[in-house]
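# Structural description and commentary
Chain by chain, the residues run as shown.
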Amino acid sequence: MNTPVATIKESGRVGELVRYFLRLGLLGFGGPVALVGQMERELVAERAWLTKEQMREAIAVCQSLPGPLAIQVGIFIAYLRGGQRGAWAGGWAFILPNFVIVAALGALYVHFAGLKPVTAIFYGVSPAVIALIVHSSYRLTKLGMEDKMQWVLAAICFVITVVVQAEVALLFIGAGIVGILYYGTLAKKVRPGSTFGVALPASAVASTLPVSSASTVGKLLLFFLKAGALTFGSGLVIVPFLQQGVVQEYGWLTERDFLVAVAVGMISPGPVVITATFVGSLVAGFWGALAATVGIFLPSFLLVLLAAPLLARHRANTNVQGFIKGAYAAAIGTILGACVLLGRIAIGDWFTAVIALASLAALFRWKISNPVLMAATAVAGMVAYPLLQPTWVMVK
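Residues numbered from 1 in each chain as written. Predicted model: local features only at pLDDT ≥ 70, side-chain atom pairs only at ≥ 80, totals over all residues. Heavy atoms only, no water.

## Digging into the environment of Leu310
Take Leu310: it is sitting in helix α12 (residues 275-314). As for Leu310 and Val61, which are separated by 249 residues in sequence, their C-alpha atoms are 9.7 Å apart. (Helix = DSSP H or I, 4+ residues; strand = E, 2+ residues; numbered from the N terminus.)

Here it is in structure tokens:
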């Protein structure tokens, strides 16, 4: 009995998607903009898997969804190329190399964190992480901050994050509602069946879901499912969200351990939100890492495969655009607010202040890559720590 040609063709496409995204997940550095640019160059110009118009639509739609941009664009492309099977296979292939690397780093960190060389490394790396967040925030403001109202919303969210440390998810939803009222038509006329008439209650429920007390792994899964569904704007939005949850609310990590997790997310290949894997590994070992990874990425698959087709039809709706603009402004404000809070932990003397300023200069002036910056500051920390012996530095 012969296998249908269509089945062979689909299987072949799924296989090539898995191979491509495994390689991209292993070797793709530089954050979402660099990863999306690499996909556009390789899959449109070189392999002709999709047209320029399809690529532009994929980027535009995924920018309008919460979640990590690079992963969602990859899932969208895999769906166009290989259907539902291709989307699931290609998306998880994109994540797998990063998961293995970061879970292994988490295990090593737990094992060796008591050693002085590890403390010295992150003495130098932590202030560089603050510089990386500031630099990334600058790039995000150029990408999506368009008018005074967005800056007002960003400023309000910044102040709330620093002073009150309020629930980040509620800030996004509140800013999104203000965006609808300011940019959209909802204040003038509420239409039954409006896109966000349904979407907002769903988001609001997600932001207040109780975390299961059955086990730490279960808590991790539910917490990161919520985080994955509410990281509007960029993977960096997970930084203030995680800081509130894993440090302040649950006490799973210290502030310094959390800075290490952010650093690992930034220097490893793939999306920044892989920070979740490192956090899960520190909290509950391998199963914690797996639960956190599934939790943070599963909403991206569901959003792309279920909501993206609907959003593609209604993306021009002024209420949809208003919510996106408001939520994006909240993302900028909360990222910068978290940067201030984390900076108090990372920068505690003249040396770490110099590292932070020098890192900013290197990023803005010479556009140094994240891995190179992390390596340089790690060496600086190992040299300076034995000489300065800072008493405020504690990894654990």
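## Some remarks on the nonpolar core
In this structure, Phe21, Met39, Met55, Val73, Val129, Ile133 and Phe224 are the most contacted members of the largest nonpolar core, which totals 92 residues. Residue contributions to this core peak at 14 residues, all from helix α4 (residues 69-112). Contacts of Phe21, omitting those with residues within four sequence positions, involve Met39, Gly74, Ala78, Gly90, Ala93 and Phe94. (Core = buried A, V, L, I, M, F, W, Y, C linked by side-chain atoms within 4.5 Å. Buried < 20%, exposed > 50% of the residue type's maximum accessible area, 1.4 Å probe, protein only. Contact = heavy atoms within 4.5 Å.)

## Description of the packing of aromatic side chains
Considering all chains together, one arrives at 18 aromatic pairs under this definition. Summarising the aromatic geometry, the rings of Trp88 and Phe301 are spaced 4.8 Å apart at their centres and angled 5° between planes, so their arrangement reads as stacked. Taken as a pair, Trp88 in helix α4 and Phe301 in helix α12 lie far apart in primary sequence, 213 residues in all. On the basis of relative accessibility, which here comes to 29%, the residue Trp88 falls in the partly exposed class. Summarising the aromatic geometry, the rings of Trp92 and Phe301 are spaced 4.8 Å apart at their centres and angled 15° between planes, so their arrangement reads as stacked. Within this pair, whereas Trp92 is found in helix α4, its partner Phe301 is found in helix α12, the two being separated by 209 residues in sequence. Here the aromatic residues Tyr20, Phe21, Trp49 and Phe94 are joined through ring pairs into a cluster of three or more. One residue, Lys325, lies across the ring of Tyr183, its end atom 4.7 Å from the ring centre. (Phe/Tyr/Trp six-rings, centres within 6.5 Å; stacked < 30°, edge-to-face > 60°. Lys NZ or Arg CZ within 6 Å of the ring centre and 35° of its normal.)

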